[in-house]
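# Close look at the chain arrangement
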Amino acid sequence: MELTKKEQRMLDGAEGYAVQKSMEILVALGEIYGANSLISVGSVQVAGVSYHNLGDAGLEFLNELAKDGKVKVLTTLNPAGMDLENWQQLGISAEFAEKQNLVIDAFKRMGILISCTCTPYLIGNLPLYGEHIAWSESSAVTFANSIIGARTNREGGPSALAAAFVGKTPSYGLHLDENRVPDVHVHVNVELTKLSDWGALGYAIGKKAENKISYITGIKAADLDELKSFCASIVTYGAKPLFYIKSITPAAEEQPQPKETVEIDQADIQNAYNNINDEVNQIELVCVGCPHCSIKEISQIAKLIEGKQVAENTEFWVATSRTAKQLADKRGYTEVIEAAGGKFACDTCMAVAPLKGRFKSLATTSAKGCFYSRQNSMKTKMGSIEQCIDAAVTGQWNS
Ligand code: F3S
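What counts, and where the lines are drawn
- Residues numbered from 1 in each chain as written.
- Predicted model: local features only at pLDDT ≥ 70, side-chain atom pairs only at ≥ 80, totals over all residues.
- Heavy atoms only, no water.
- Phe/Tyr/Trp six-rings, centres within 6.5 Å; stacked < 30°, edge-to-face > 60°.
- Helix = DSSP H or I, 4+ residues; strand = E, 2+ residues; numbered from the N terminus.
- Buried < 20%, exposed > 50% of the residue type's maximum accessible area, 1.4 Å probe, protein only.
- Lys NZ or Arg CZ within 6 Å of the ring centre and 35° of its normal.
- Axes fitted to C-alpha atoms, helices over the stretch in contact; angles between N-to-C directions.
- Parallel < 35°, antiparallel > 145°, perpendicular 65-115°, else oblique.
- Contact = heavy atoms within 4.5 Å.
- Near = heavy atom within 4 Å.
- Nonpolar A, V, L, I, M, F, W, Y, C, P; charged D, E, K, R; others polar.
- Polar contact = N/O pair within 3.5 Å; in protein donor to acceptor, adjacent residues only side chain to side chain.

This part takes up the packing of aromatic side chains. Per the stated rule, a full pass over the model turns up 9 aromatic pairs. Seen from their ring centres, tyrosine 51 and phenylalanine 96 are 5.9 Å apart, and the 65° between their planes marks the pair as edge-to-face. Of the two residues, tyrosine 51 sits in helix 3 (residues 51-66) while phenylalanine 96 sits in helix 4 (residues 94-109), which places them 45 residues apart along the sequence. Take tyrosine 51 and phenylalanine 96: they sit in the same class, and that class is buried. An aromatic cluster is defined as three or more aromatic residues linked by ring pairs; in this entry it consists of Tyr203, Tyr237, Phe371 and Tyr372. Geometry around phenylalanine 344 places lysine 325 over its ring, the cationic atom sitting 5.6 Å from the centre.

The next thing to look at is the packing of helix 8 (residues 224-237) against helix 13 (residues 367-375). The packing of two helices is summarised by the inter-axis angle and the distance between the axes. Running from N to C, helix 8 and helix 13 point in directions that differ by 45°, and their axes come no closer than 7 Å. Judged by the angle between their axes, helix 8 and helix 13 are oblique. Along its contact with helix 8, which presents Ala232, Ser233, Thr236 and Tyr237, the element helix 13 presents Ala367, Lys368, Phe371 and Tyr372.

This part takes up the site of the ligand. With respect to spatial proximity, the complete set of residues near the ligand consists of Pro79, Cys118, Glu137, Ser139, Gly289, Cys290, Pro291, Cys349, Ala351 and Lys368. Looking at the shell around the ligand element by element, the count peaks at 3 residues for strand 10 (residues 285-293). In terms of residue class, the shell around the ligand is built from 6 nonpolar, 2 polar and 2 charged.

Right, let's get into unusual backbone geometry. Between cysteine 290 and proline 291 the backbone carries a cis peptide bond, its omega angle lying at -5°. Position of proline 291 relative to the elements: it lies in strand 10. Of note in this structure, aspartate 347 is not a glycine but carries a positive phi near 70°. Assessed through its relative accessible area of 2%, aspartate 347 is described here as buried. Phi at serine 377 is positive, roughly 60°, even though this residue is not glycine.

All right, on to the side chain of asparagine 125 then. One can find asparagine 125 in the loop between helix 4 and strand 4 (134-135). The exposure class assigned to asparagine 125 is buried, which follows from its relative accessible area of 1%. Polar side-chain contacts of asparagine 125 include one of 2.8 Å to the side chain of serine 43. Beyond its immediate chain neighbours, meaning those up to four positions away, asparagine 125 contacts Ser43, Val44, Leu74, Thr76, Pro120 and Trp135.

Structural data, given as structure tokens:
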């Protein structure tokens, strides 16, 4: 890989330990994937924030980098293992909170915005069409590539941090035109009527298209919440963090329609629900907000739960960014949701919080949320926001 004189000096240690380590990571990655050079990035999103996943070894690695590492571009964080302000309310232990706060302190010293969300594009980290970025979290990477038309590979925590300290990333994979061409035409013969149908569609396409870039036709309309849910699901059950939807996503019209075609019909959607939903009726945790809730979703939740009460043996969590919660505070949605017994889970989510063993069952709108909650030994149900609010209020899955 060819380095400029400035990049070579960084690799030689002229800008200190964190930049030198970062250059070593970026050069190694570039050589593995055949990159010719580094390219500048407009922003970075760092995953690997939860102490639950990092452990003491990860914390030590971050503290080493934080000694002299300062980010060169706008850098935001993925969810942490707890609500940074109200962790007690979510049943997080003091020992865990202490370690999680040390992780957050390290990121703060690096100059990173402590945003803790998988929807950075909703809180001010919004790239432009065609902009090169280095993001980590899979749903956000898929949203950036597909819905915005920015360009990013799915970075690991260390490679995203390295890009933040250097302001660059190796030019390979989805940064290059030739790797952004769709490989499979997916025709959707189904009308999607509720948010969770988009999760089911992501499951169905992910299973059929696997690691291919889909060129999707047959979808007439989509809103932001539906697309963010779809992004989370397609990359969880498939692998590629890029797709095109004709007439909806940017640059779709410029793409050649691939010869290989697969069809998605009602049976595929039903099959997705059948596979995602377990045999369970009693619901111990209802969590909406995977990816993190937008203010529009919070307003829908407030409207649906107003005047009701969460069941005694059930918890109801609204996972969102702190920025969205602050808007909800101002609009009075927080008061309504909390009066009903609901809790906000800001800065965190059901996948990265230490929930194993705490809840046996989960209801959610999110196919991705079900995937990760099963890894936490929960039985899962996926349905509409209405079905989830009903489960929160009755403690049962009624459908
Ligand atoms: Fe976001 Fe956590 Fe879901 S990171 S996409 S809320 S699993």
